[in-house]
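Each chain, written out:
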Amino acid sequence: MELVDRFLKYVSFDTQSSEENEAECPSTQKQFALARYLTEELKNLGLQDVEMDEHAYVYATLPANSDKEVPTIGFIAHMDTSPDCSGADIKPRIIQKYDGEDIVLNSELGIKTTVEQFPELKNHIGEDLIVTDGTTLLGADDKAGIAEIVTAMTYLMNHPEVKHGKIRIAFNPDEEIGAGAHRFDVEKFGCKWAYTMDGGEVGELEYENFNAASARIEIKGRNVHPGYAKGKMINACLLANEFNSLLPTDQTPSTTEGYEGFYHLCSIQATIEEATLSYIIRDHNREIFEQRKEFIKEKAREMNEKYGEGTVTPILKDQYYNMLSQVEDKPHIIQIAQQAIEEACGHCTIVPIRGGTDGAQLSFKGLPCPNIFAGGLNFHGRNEFLPIQSMEKAMQTIVNICRLTAEM
């Protein structure tokens, strides 16, 4: 099957991005391998204006076949996979007609995807699921989106009876580290609006996302021989633990849902002399988002009052903002996507994004860009899975959007 084969080929490329190398784009050189492959594939398929720039952004055009004037629209997906789990040597497996029971990913290592832990499995009984071998993520985030976009373009080329305007597609690096839209050339892309194919569950449409910031907490300690440390030692390891204890325990990813924001501790690096805590801060409400950042700064001030000025240094950086403000005055963008999804899936579920996509940043760069489901679930970990039927519906949604835009 063209769509599945394409996806399985894409996940054979290790494209994990790196938060440790954000100054470079792409953050990992291995992302170029997939970018080069996609460039050649798109050329061979007959798309026009195919190019890859020096930062591994890939652009291409499907020319219009409609006699009427139709707005140019675009579809976007990202090539990188999350730094949170290995994306090297992925070994996907297809479970045909899933029976609703726990899935053994790796019997040798005792790794399972259980219905108790992942009840969303029940929504896909009877479907064909692509899963991992339990040692890596799958890469459906967002190689499913890439496969769906490319396959939709081939469908439109093979079905000229489906009228559409000029379609632009783009694939970018480094979305998972919040940098995917930084070097995206909106002017060159040349679209009135676009859609990222980067969502999860089948039928979902997203045009509200978190406001997002990163917080790096740097702590300076003082090391003294432990036998003579009384009143002298300042253990940065303990101070890191103390700082984290000042944050609300009921406002973490594992305790929140819907529109509820959180503080998420991503990593700790610590010795007695120095420690670093890395957080991400999220909230849909901009006012509360600003309050969350100020709360981090306040706790740092409290620690400095206790242990001495300069002991704790908070470094905060905004990453992206809620795209709602950029699309709510353009209802046709949402209405077209909603109708396209309903035609493909029989329903459309509008949900807030508990995360962010490149579309959020692109919306603030002048390219309104809601997010549409790509079908994968449990992203960023070994329990990720992708129903093939969801991929097919995502691909059909893209075709529907192209047709509906030409009919508006």
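A quick note: this is a predicted structure, and the numbers were derived from the prediction, not measured. (Residues numbered from 1 in each chain as written. Predicted model: local features only at pLDDT ≥ 70, side-chain atom pairs only at ≥ 80, totals over all residues. Heavy atoms only, no water.)

Student: Hey, could you go over the sheet that holds strand β9 (residues 193-199) for me, with residue numbers and the actual values?
Tutor: Strand order across the open sheet formed by eight strands is β1-β2-β8-β3-β9-β16-β10-β15, with mixed pairing between neighbours. Edge positions in the sheet fall to β1 (48-52) and β15 (349-350), since each of these pairs with one other strand and no more. Sheet topology places β1 next to strand β2 (residues 58-62); three bridges connect them, and they run antiparallel. Its bridge partner being in β2, Met 52 is matched across the sheet by Val 58. Contacting β1, β2 and β8 (167-172), helix α2 (residues 31-45) runs over the sheet at an angle of about 165° to β1. (Pairing = 2+ DSSP bridges. Helix = DSSP H or I, 4+ residues; strand = E, 2+ residues; numbered from the N terminus. Contact = heavy atoms within 4.5 Å. Axes fitted to C-alpha atoms, helices over the stretch in contact; angles between N-to-C directions.)

Student: An account of the packing of helix α1 (residues 2-10) against α2 is needed here, citing residue identities and associated values.
Tutor: Look at α1 against α2: their axes get within 11 Å of each other, and the N-to-C directions meet at 150°. Our classification of the angle between α1 and α2 gives roughly antiparallel. Contacts from Arg 6, Lys 9 and Tyr 10 of α1 reach α2 at Leu 34, Tyr 37, Leu 38, Glu 41 and Leu 45. Taken together, the residues that form the contact of α1 with α2 break down as five nonpolar, no polar and three charged. (Parallel < 35°, antiparallel > 145°, perpendicular 65-115°, else oblique. Nonpolar A, V, L, I, M, F, W, Y, C, P; charged D, E, K, R; others polar.)

Student: Can you lay out the environment of Thr 113 for me, pointing to particular residues and giving the numbers?
Tutor: Note that Thr 113 resides in strand β6 (residues 111-113). Here the alpha-carbon distance between Thr 113 and Glu 204, two residues 91 residues apart in the chain, equals 23 Å. In this structure the side chain of Thr 113 is engaged in a polar contact, spanning 2.8 Å, whose partner is the side chain of Asn 383. (Polar contact = N/O pair within 3.5 Å; in protein donor to acceptor, adjacent residues only side chain to side chain.)

Student: So what's going on with the pairing of β2? Residues and values would help.
Tutor: Every regular strand shows the same layout, with side chains that alternate between the two sheet faces. In terms of burial, β2 is largely enclosed, as five of its five residues are buried. Here β2 shows two buried faces, one formed by Val 58, Ala 60 and Leu 62 and the other by Tyr 59 and Thr 61. The turn joining β1 and β2, which pair antiparallel and follow one another in sequence, is formed by five residues; a positive phi near 75° is taken by Ala 56. Pairing geometry for β2 and β8, over five bridges, is antiparallel. By the bridge assignment, Val 58 is partnered in β8 with Phe 171. (Buried < 20%, exposed > 50% of the residue type's maximum accessible area, 1.4 Å probe, protein only.)

Student: Requested: an account of the pattern of salt bridges, with residues and values cited.
Tutor: Counted under the stated rule, the structure contains 17 salt bridges. Arg 301 is the salt-bridge partner of Glu 294, the closest N and O atoms lying 2.9 Å from each other. Its relative accessible area of 36% is what places Glu 294 among the partly exposed residues. Put simply, Arg 286, Glu 290, Lys 293 and Asp 318 are held in one network by salt bridges that share partners. (Salt bridge = Lys/Arg side-chain N within 4 Å of Asp/Glu carboxyl O.)

Student: Mind laying out the packing of α2 against helix α3 (residues 140-158), listing which residues take part and the relevant values?
Tutor: For any two helices packed against each other, the geometry comes down to the angle between their axes and how far apart the axes lie. Put simply, α2 and α3 touch, their axes get as near as 11 Å, and they point 10° apart. Comparing the axis directions of α2 and α3 gives the class roughly parallel. Of α3, the residues touching α2 (which contributes Leu 34, Leu 38, Glu 41, Leu 42 and Leu 45) are Lys 143, Ile 146, Val 150, Thr 154 and Met 157. Residues that form the contact of α2 with α3 fall into these classes: seven nonpolar, one polar and two charged.

Student: Describe the pairing of strand β13 (residues 274-283), listing the residues and the values that go with them.
Tutor: With eight of 10 residues buried, β13 lies mostly within the body of the structure. Where strand β11 (residues 211-220) meets β13, 10 bridges bridge the pair, whose relative direction is antiparallel. Bridged to Arg 216 within β13 is Ser 278. With eight bridges connecting them, strand β12 (residues 262-270) and β13 associate as antiparallel partners. By the bridge assignment for β13, Leu 265 is matched with Tyr 279. Once β12 ends, the chain turns through three residues before running back antiparallel as β13.

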